[in-house]
Amino acid sequence: MSTLSLAIVIAFIIGYLCITLESITKVNKAAVALLMFVACWTLFMIDPAQYLPTAIGDQIGNVVSSAMEHHLGSTATTLFFLMGAMTIVELVDQSGGFNFVRDWVKTRHKRLLLWRVALLTFLLSAILDNLTTSIVMIMILRKLIPDQKDRFKYAALVIIAANSGGAFSPIGDVTTIMLWNRGVITAAGVITELLLPSIVSMVIPAFIISLSLKGTMDISTIRDENTDAEDLTDGQRKAVFCLGVGGLIFVPIFKTLTHLPPFVGILLVLGLLWTVTEVFYRKLPETNTNKKGTMKRVTNMLKRIDMSTILFFLGILMAVACLETIGVLTMLGYGLNDAFNGNHYLVTGIIGILSSIVDNVPLVAGCMGMYPVEAAGDMAVDGIFWQLLAYCAGVGGSILIIGSAAGVVVMGLEKISFGWYMKHISWIALVGYLAGIFCYAIERALFF
């Protein structure tokens, strides 16, 4: 490894360390990711010909710009998909589309409530995303279980079920979206082959946690807190829900039919939902168009998109692209293969455990740069390696509460300590994680 390559790697490691220590440094990880992105590519420009032989003389700017634009195009497909999906989910929620969820989970029996929460979280995470699903489910649990300590076990299962549900769906987790956008997994392949392992990784922890729950509890009436209840009729809310959630389900079908990138499908759904809601709100009386200073239109939803998350993904993915360009990731990939004799179960299993310690987005981005897609075998599209990577990176994040977006948001909402989760839940999540890998191995041996 050259001195320049080592400097770029060190800049990446320092930035990555600052991202993982966000709770200590109090510096938003998006800011660090952007600085890391710029630092890596600025160092790259000291001697770009070392990595791009044609980057000499007057052609340096054009060659490097072309390389960056290539990676930026790949990154943009993921970012546009996320922005579209986030807007759709926000619109459905603000329009009261998730009211049926609150009504369905009500029960006095603690164990039955646990299984209902697990099942709904698993299914919603596969359709929406694990972050949004976790927020929705925690808000529901707050209405059902007033005592915060009692909610901890349910909240922990929400983390596990959300990550498991997102692992088998091409749109359920950021990492699966990245792999799907890159074309290393297909919607049909990941659903058919990872569904059973994902279910196992959720059911086993749910069963273990349910053993500690007994009896019944008082369930207060779930209040409808949507401020738009007077704005839209029940039929209109159902229409928004069907268009939003049904549209998200349709995205993989659209990609299969048209062969266009997934972000095109998500923008189609957003455009359609935007048009329909504009028609709904256009017919409202003038006094009803504004409630508490906000209007439930897409133009206002767009203002509430978490741009720090989008910029974080931009920074981290482009920084990883720099490592890919200088060839470091390929070297690391060969090193892991040599260390474990090409055993994809061990390699991806370790990556999954690492994803519980550090952010799984750069881990998956790094793996996509480390390993080439082959025409056949375990590294082919929908091969064992890529499907295991989708499973391990998603489900492995449940082992520690800081290992996934779902865990971080639940930790913030419920004030669950790192120590409590590690002591009571981590081993349960690990058992489910390993059981899912074992299930996948058996499934592959018997049916594929």
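Residues numbered from 1 in each chain as written. Predicted model: local features only at pLDDT ≥ 70, side-chain atom pairs only at ≥ 80, totals over all residues. Heavy atoms only, no water.

A.B. asks: Break down the overall build of the protein chain for me, citing the residues and quoting the values.
C.D. replies: Helix and strand counts for the protein chain come out as 21 helices and 0 strands. The buried share among the 448 residues of the protein chain stands at 53%. Pairs at least 24 apart in sequence give 78% of the contacts found in the protein chain among residues at least 6 apart. Total accessible area on the protein chain is roughly 19,400 Å²; 67% of this is exposed by carbon and sulfur atoms. (Helix = DSSP H or I, 4+ residues; strand = E, 2+ residues; numbered from the N terminus. Buried < 20%, exposed > 50% of the residue type's maximum accessible area, 1.4 Å probe, protein only. Contact = heavy atoms within 4.5 Å. Areas by Shrake-Rupley, 256 points an atom, 1.4 Å probe, with all protein chains shown as cover.)

A.B. asks: Break down the pattern of salt bridges for me, citing the residues and quoting the values.
C.D. replies: For the structure shown, the criterion picks out 2 salt bridges. Notably, a salt bridge pairs Arg151 with Glu414, separated by 2.9 Å at the nearest N-O pair. Placement of Arg151 in helix α8 (residues 148–167) and of Glu414 in helix α19 (residues 405–414) is noted, with a sequence separation of 263 residues between them. Under the relative-accessibility criterion, Glu414 is labelled buried at 1%. (Salt bridge = Lys/Arg side-chain N within 4 Å of Asp/Glu carboxyl O.)

A.B. asks: Which residues make up the nonpolar core, and what are the values?
C.D. replies: Ranked by internal contacts, the top residues of the largest apolar core, which has 135 residues, are Ile8, Phe44, Leu179, Trp386 and Tyr421. Broken down by element, the residue count for this core peaks at 12 residues, all from helix α14 (residues 307–325). (Core = buried A, V, L, I, M, F, W, Y, C linked by side-chain atoms within 4.5 Å.)

A.B. asks: Lay out the packing of aromatic side chains with the relevant residues and their values.
C.D. replies: Under the counting rule described, the total for this entry stands at 10 aromatic pairs. On the basis of an interplanar angle of 5° and a centroid distance of 6.0 Å, the ring pair of Tyr391 and Tyr433 is categorised as stacked. Of this pair, Tyr391 sits in helix α18 (residues 384–395) while Tyr433 sits in helix α21 (residues 426–447), and the two are 42 residues apart along the sequence. Within the aromatic cluster, the residues linked to one another by ring pairs are Trp41, Phe44 and Tyr51. (Phe/Tyr/Trp six-rings, centres within 6.5 Å; stacked < 30°, edge-to-face > 60°.)

A.B. asks: Give a detailed account of the environment of Phe250, specifying residues and quantitative values.
C.D. replies: Turning to its location among the elements, Phe250 is positioned in helix α11 (residues 234–258). Accessibility expressed as a relative area gives 33% for Phe250, which makes it partly exposed. Sequence separation between Phe250 and Gly265 is 15 residues, and the spatial gap between their C-alpha atoms is 8.1 Å.

A.B. asks: Before we move on, can you summarise helix α6 (residues 110–127) with the specific residues and values?
C.D. replies: With 18 residues, α6 should cover 26 Å at 1.5 Å per step; its first-to-last C-alpha distance of 26 Å lies within 8% of that length. Leu113, Leu114, Val117, Ala118, Leu120, Thr121, Phe122, Leu124, Ser125 and Ala126 are the residues of α6 that are buried. (Expected span 1.5 Å × (residues − 1).)

A.B. asks: Residue-level account of the confidence of the model for the protein chain, with values.
C.D. replies: On average, residues of the protein chain score 81 in pLDDT, and 89% of them are at 70 or above. At the low end of the mean pLDDT range in the protein chain sits helix α5 (residues 99–105), at 70; at the high end sits helix α10 (residues 187–210), at 92. (pLDDT = per-residue confidence, 0-100.)

A.B. asks: Describe the environment of Ile138, naming the residues involved and giving the relevant values.
C.D. replies: Looking at where Ile138 falls in the secondary structure, it is placed in helix α7 (residues 130–144). Residues Ile138 and Arg151 lie 13 residues apart in sequence; the distance between their C-alpha atoms is 8.8 Å. When near neighbours in sequence (up to four residues on either side) are disregarded, Ile138 contacts Ala155, Val410, Leu413 and Glu414.

A.B. asks: Tell me about the packing of α8 against α18, residues and numbers included.
C.D. replies: It is the contact of α8 with α18, at a shortest axis distance of 8 Å, that shows an interaxial angle of 165°. Judged by the angle between their axes, α8 and α18 are roughly antiparallel. For the pair α8 and α18, the sense of crossing is right-handed. For the pair α8 and α18, contact is made by Asn163, Ser164 and Ala167 and by Ala390, Tyr391, Gly394 and Val395, respectively. (Axes fitted to C-alpha atoms, helices over the stretch in contact; angles between N-to-C directions. Parallel < 35°, antiparallel > 145°, perpendicular 65-115°, else oblique. Left-handed = near helix turned anticlockwise from the far one by under 90°.)

A.B. asks: Go over the packing of α10 against α18 with me, naming the residues and quoting the values.
C.D. replies: Contact pair α10 / α18: the axes reach a minimum separation of 10 Å and the direction vectors enclose 35°. The crossing of α10 and α18 is right-handed. Contacts between α10 and α18 involve Gly189, Val190, Glu193, Leu194, Pro197, Ser198 and Ser201 from the former and Gln387, Ala390, Tyr391 and Val395 from the latter. Each residue belonging to the contact of α10 with α18 can be placed in one class, and the counts come to 6 nonpolar, 4 polar and 1 charged. (Nonpolar A, V, L, I, M, F, W, Y, C, P; charged D, E, K, R; others polar.)

A.B. asks: Any details on a nonpolar patch on the surface? Residues and values, ideally.
C.D. replies: Residues Trp115, Leu195, Leu196, Ile199, Val203, Phe207 and Leu211 make up a contiguous nonpolar surface patch of about 560 Å² in total accessible area. The element best represented in the nonpolar patch is α10, accounting for 5 residues. Residue classification places Leu211 among the partly exposed residues on the basis of a relative accessible area of 47%. (Patch = residues over 30% accessible without salt bridge, like charges linked within 9 Å, V, L, I, M, F, W, Y side chains within 5 Å.)

A.B. asks: Would you mind going over the state of the cysteines in detail, with residue names and values included?
C.D. replies: Across all of its chains, the model carries 0 disulfides by this definition. You can see Cys40 has no disulfide; the closest cysteine sulfur is in Cys322, sitting 5.1 Å from it. For Cys40, a relative accessible area of 0% puts it in the buried group. (Disulfide = S-S within 2.5 Å.)

A.B. asks: I'd love a proper account of the side chain of Thr348, names of residues and values included.
C.D. replies: Mapped onto the fold, Thr348 is located in helix α16 (residues 344–354). By relative accessible area, Thr348 is classed as buried at 0%.

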